[in-house]
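# Fold and contact review
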Amino acid sequence: MDKNVIVVNHPLLNHKIALLRDVNTAMKQFREIVCEVSTLLAYEALKDVPVEAREVTTPLESVTQYVVKENSVAIVPVLRAGLGMVNGVLALLPTAEVGHIGIYRDPETLEAKEYYCKLPENIADKKVIVLDPMLATGASACAAISMLKSKGCKDIKLMSILAAPQGIDKVRNSHRDVQVFLACVDRGLNGNGYIVPGFGDAGNRLFGTK
Ligand code: URA
């Protein structure tokens, strides 16, 4: 696979994916695990977070230590399921700003359309991580990335938990510069656009809707 598609492979992550797949995993646990998986993916996706040198005085002496540069990262969940990943990323980087993008599929043209967009100031100067747990057709993620590019963003990553090969191909073909972080890649999509074997509807499972 492309070097810009990083499938994080770890037994603890695989264990959590099994729990997310299980139809008997109820909303509370599903939500908690999405959050935990997001923390583990963020650990990888933030490896190149901007840093700056800081002088720190220990009880013994002073030392130069690198710390995360303030205001350098924004996360942007794609509504609605992306919201489930926010707290998991903030657990590692509590000072990240959070934008929101809402996208729906036009039932006639099947095109992805924006219905909501609220982004942090100066987002063009930040490292931006788009959160979309299910990379199915890739249409929403691609539309969100295009929207961020239209606002001047140049450093964009996509974090998804589960992907179908079709979604990965779409992002690679439309946005070759965007690194994609995943916990798992599944077989494909069913006739309704669900990832199979998948987790089902992640938004419904996160928020207790049908
Ligand atoms: N969105 C979901 O929530 N689940 C899928 O399988 C595909 C898209």
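See above for the structure.
Residues numbered from 1 in each chain as written. Predicted model: local features only at pLDDT ≥ 70, side-chain atom pairs only at ≥ 80, totals over all residues. Heavy atoms only, no water.

### Digging into the sheet that holds strand β11 (residues 162-163)
Spatially, 3 strands are ordered β9-β11-β13 in an open sheet, and the strand pairing comes out parallel. This sheet does not close on itself; its edge strands, each paired only once, are β9 (134-135) and β13 (184-185). In this structure, β9 lies alongside β11, joined through 2 bridges in parallel fashion. Bridge pairing links Met-134 to Leu-162 in β11. (Pairing = 2+ DSSP bridges. Helix = DSSP H or I, 4+ residues; strand = E, 2+ residues; numbered from the N terminus.)

### A word on the environment of Ala-124
Tracing the backbone shows Ala-124 in the loop between β7 (112-118) and β8 (127-131). Residue classification places Ala-124 among the partly exposed positions, given a relative accessible area of 22%. With 102 residues separating them in the primary sequence, Ala-124 and Asp-22 have C-alpha atoms 39 Å apart. (Buried < 20%, exposed > 50% of the residue type's maximum accessible area, 1.4 Å probe, protein only.)

### Comments concerning the nonpolar core
Leu-20, Val-37, Leu-131, Met-159, Ile-161 and Phe-199 are the most contacted members of the largest nonpolar core, which has 36 residues in total. Take this core: its biggest share by element is 7 residues, from helix α2 (residues 27-45). The contact partners of Phe-199, leaving out residues within four places of it in the chain, are Ile-17, Leu-20, Arg-21, Phe-30, Met-134, Ile-161, Leu-162 and Arg-205. Among the nonpolar cores identified, the runner-up in size contains 25 residues, and Val-5, Val-78, Val-130 and Met-147 belong to it. (Core = buried A, V, L, I, M, F, W, Y, C linked by side-chain atoms within 4.5 Å. Contact = heavy atoms within 4.5 Å.)

### Description of the site of the ligand
Near the ligand, the surroundings consist of Met-134, Ala-136, Gly-193, Tyr-194, Ile-195, Gly-200, Asp-201 and Ala-202. Between an oxygen atom of the ligand and a main-chain N or O atom of Ile-195, the distance comes to 2.8 Å. Protein contact buries 82% of the 240 Å² of open area that the ligand shows by itself. Looking at side-chain class alone, the shell around the ligand contains 5 nonpolar, 2 polar and 1 charged residues. (Near = heavy atom within 4 Å. Polar contact = N/O pair within 3.5 Å; in protein donor to acceptor, adjacent residues only side chain to side chain. Areas by Shrake-Rupley, 256 points an atom, 1.4 Å probe, with all protein chains shown as cover. Nonpolar A, V, L, I, M, F, W, Y, C, P; charged D, E, K, R; others polar.)

### Digging into the pattern of salt bridges
Evaluation of the coordinates by the stated rule reveals 11 salt bridges. Here Arg-176 and Asp-2 are joined by a salt bridge, their closest N and O atoms 3.0 Å apart. Placement of Arg-176 in the loop between α5 (165-174) and β12 (179-182) and of Asp-2 in the segment before β1 (5-7) is noted, with a sequence separation of 174 residues between them. The salt bridge involving Asp-155 is made with Lys-127; its shortest N-O contact spans 2.9 Å. Separated by 28 residues along the polypeptide, Asp-155 in strand β10 (residues 155-159) and Lys-127 in strand β8 bring together distant segments of the chain. Taken together, the shared-partner salt bridges connect Asp-48, Lys-127, Asp-155 and Lys-157 into one network. (Salt bridge = Lys/Arg side-chain N within 4 Å of Asp/Glu carboxyl O.)

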